[in-house]
Amino acid sequence: QVQLVESGGGLVLPGGSLRLPCAASGGTISTYSVGWFRQAPGKEREFVAGISKSGSYTTYADSVKGRITISGDNAKNTNYLQMNNLKPEDTAVYYCNAKHSIWPDKHNYWGQGTQVTVSS
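Before going into details, it helps to say that this report is about the structure given with it. (Residues numbered from 1 in each chain as written. Predicted model: local features only at pLDDT ≥ 70, side-chain atom pairs only at ≥ 80, totals over all residues. Heavy atoms only, no water.)

**Examining the overall build of the protein chain**
Moving on, step 1. When helices and strands are tallied, the protein chain shows zero helices and 11 strands.
Moving on, step 2. Ordering the α and β elements of the protein chain from the N terminus gives β-β-β-β-β-β-β-β-β-β-β.
Moving on, step 3. For the protein chain, the C-alpha radius of gyration of 14 Å lies close to 14 Å, the compact-globule estimate for 120 residues.
Moving on, step 4. When its C-alpha atoms are laid out on the principal axes, the protein chain stretches across 40 × 25 × 25 Å.
Moving on, step 5. Residue burial in the protein chain is summarised as follows: out of 120 residues, 39% are buried.
Moving on, step 6. Of all intrachain contacts in the protein chain linking residues separated by at least 6 positions in sequence, the fraction that spans at least 24 positions is 55%.
Moving on, step 7. As displayed, the protein chain offers around 6,500 Å² of accessible surface, 49% of which is attributable to carbon and sulfur atoms. (Helix = DSSP H or I, 4+ residues; strand = E, 2+ residues; numbered from the N terminus. Rg over C-alpha atoms; globule rule 2.2 N^0.38 Å. Buried < 20%, exposed > 50% of the residue type's maximum accessible area, 1.4 Å probe, protein only. Contact = heavy atoms within 4.5 Å. Areas by Shrake-Rupley, 256 points an atom, 1.4 Å probe, with all protein chains shown as cover.)

Spelled out as structure tokens, the structure:
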């Protein structure tokens, strides 16, 4: 099965930037649609960004649109979430998700999450 590992999280000042990689193994990430989700303390998990397997279509939550970019590097079998102008409300555990374009219910994988904290 596909394994996903997020990294790149940490403590950042408001207005700062982070890039979160999601490295895949056991499968080719370009055959999956990839999404990023986040969960803040006491809150439900919410959608952040998504990209089609071809990379030709992306979508973003309204709360992050204009500040976040999702992209993929097929050579590295890795998806990236670039986050700029971070705000305290962006503080959450961030998870990447990969879904097969044909069988998304049977092939639906999650990473372990990486903590992002935005604070002065």
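**Observations regarding the pairing of strand β4 (residues 32-39)**
Moving on, step 1. Along β4, six of the eight residues are buried, which leaves the element largely enclosed by surrounding structure.
Moving on, step 2. In this sheet, strand β9 (residues 92-100) lies alongside β4 in antiparallel orientation, the contact comprising eight bridges. Bridge pairing in β9 places Q39 opposite V93.
Moving on, step 3. Summarising the sheet, β4 and strand β5 (residues 46-51) pair through five bridges and their orientation is antiparallel. Note on β5: the bridge partner recorded for G35 is G50. (Pairing = 2+ DSSP bridges.)

**Looking at the side chain of D90**
Moving on, step 1. Along the polypeptide, D90 turns up in the loop between β8 (78-83) and β9.
Moving on, step 2. Taking relative accessible area as the criterion, D90 reaches 0% and is therefore assigned buried.
Moving on, step 3. Among the polar contacts listed, one links the side chain of D90 to the backbone nitrogen of K87, at a separation of 2.8 Å.
Moving on, step 4. When neighbours within four sequence positions are excluded, D90 is seen to be in contact with R38, V64, R67, N85, V116 and V118. (Polar contact = N/O pair within 3.5 Å; in protein donor to acceptor, adjacent residues only side chain to side chain.)

**Quick word on the nonpolar core**
Moving on, step 1. Counting 29 residues, the largest nonpolar core has L4, W36, V48, L81, M83 and Y94 as its most contacted members.
Moving on, step 2. Counting only elements with at least two residues in this core, the list comes to β3 (18-25), β4, β5, β7 (68-73), β8, β9 and β11 (114-118).
Moving on, step 3. Once residues lying within four places of it in the same chain are set aside, the contact partners of M83 are G16, S17, L18, L20, R67, I68, Y94 and V116. (Core = buried A, V, L, I, M, F, W, Y, C linked by side-chain atoms within 4.5 Å.)

**Re the sheet that holds β8**
Moving on, step 1. Ordered by their spatial adjacency, four strands build an open sheet running β1-β3-β8-β7, and the pairing between neighbours is antiparallel. With one partner strand each, in any of the chains shown, β1 (3-6) and β7 form the two edges of the open sheet. Sheet twist, expressed as the mean angle between neighbouring strand axes with direction ignored, is 15°.
Moving on, step 2. Inspection of the sheet shows β7 paired to β8 by six bridges, in the antiparallel sense. Counterpart to I70 in the pairing with β8 is L81. (Axes fitted to C-alpha atoms, helices over the stretch in contact; angles between N-to-C directions.)

**Topic: the state of the cysteines**
Moving on, step 1. Taken as a whole and assessed by the stated rule, the structure comprises one disulfide.
Moving on, step 2. C22 shares a disulfide with C96; S-S distance 1.9 Å. Looking down the S-S bond of the C22 and C96 bridge, the torsion is 55°, so its handedness is right-handed. With a gap of 74 residues between them, C22 in strand β3 and C96 in strand β9 connect regions that are remote in the sequence. A single burial state applies to C22 and to C96, both of which are buried. (Disulfide = S-S within 2.5 Å.)

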